[in-house]
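An overview of the molecular structure
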Amino acid sequence: MAMTQDEMKRAVAAAAVDYVEAGTIVGVGTGSTANYFIDELAKIKHKIDATVASSEASAERLKSHGILVEDLNMVSEMSVYVDGADECTKFLHLTKGGGGALTREKIVAAVAKTFVCIVDETKMVDVLGKFPLPVEVIPMARSYVARELVKMGGSPVYREGFTTDNGNVILDVHNLQILNPVEIEEKLNNITGVVTNGLFACRPADVILMATQEGVKTIK
């Protein structure tokens, strides 16, 4: 019997629990796969000290399980951060932000000692860029940033009716061929008015756990 995508997400979320150390603070991402991880984490919540969430939605889900959620400013170290991705490569570079939480996800990942990315095999690509790259932008800079993105060869689309947890807007950039993710991540972040972009290459994942029909594979 072939596993459904949801079953693969559940399997990889369960595998990620092995990376959770007792008596530590766990960073938790956002999205459908991260939600399965939250549900798995609830089973061992007595073993961990607290969590930090990368979005309001994840914080609510954690609290509904009776799991303590801390403000990141109160946390000096975090053993592990577990989150999904919209695309990933074998070099552990990721595209994230389909759900719009990319800035907070990037901040939490920066603090964590180990970043474990959980995906199903449909997310693995040779070159990032088929999934539109989200860029979080200060609202008044939206048109300026869009023009700069066009100069880079991208086709930015304003994400209508969406505001991030930080009160900003998102431009989803289509048609970018991301052959050098580190360079492009830095270049995009240098555009005035950009808060951050969805490339996780300067700080890539440390481990990718990928659910396949044959089971969960580990890429390091």
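Structure shown above.
The notes below deal with the structure included here. These numbers were taken from a predicted model, which means no experiment stands behind them. (Residues numbered from 1 in each chain as written. Predicted model: local features only at pLDDT ≥ 70, side-chain atom pairs only at ≥ 80, totals over all residues. Heavy atoms only, no water.)

For the largest pocket, the calculated volume is near 280 Å³. Forming the walls of the largest pocket are 14 residues, and the residues nearest its centre are Val52, Ala53, Asp71, Leu72 and Arg104. Counting only elements with at least two residues in the lining of the largest pocket, the list comes to strand E2 (50-53), helix H3 (56-64) and helix H4 (102-111). Here the lining of the largest pocket gets three residues from one element, more than from any other, and that element is H4. For the lining of the largest pocket, the class distribution of residues is seven nonpolar, three polar and four charged. Size it by volume and the second largest pocket reaches roughly 180 Å³. As for the second largest pocket, its lining consists of 17 residues, and the residues nearest its centre are Thr30, Gly31, Gly84, Ala85 and Asp86. Here the lining of the second largest pocket takes three residues from helix H2 (residues 32-41), the largest share from any one element. (1 Å grid on protein atoms, 1.4 Å probe; cavity = no way out; pocket = protein on both sides within 12 Å on 5 of 7 lines; lining within 4 Å. Points joined across faces, edges and corners; volume = space filled by probe spheres on them. Helix = DSSP H or I, 4+ residues; strand = E, 2+ residues; numbered from the N terminus. Nonpolar A, V, L, I, M, F, W, Y, C, P; charged D, E, K, R; others polar.)

In the structure shown here, the tally under the stated rule is zero disulfides. Free of any disulfide, Cys88 has its nearest neighbouring cysteine sulfur in Cys117, separated by 5.7 Å. Of all cysteine sulfurs in the structure, the one in Cys117 sits closest to Cys202, which takes part in no disulfide; the separation is 16 Å. (Disulfide = S-S within 2.5 Å.)

Just geometry here; none of it tells us what the structure is for.
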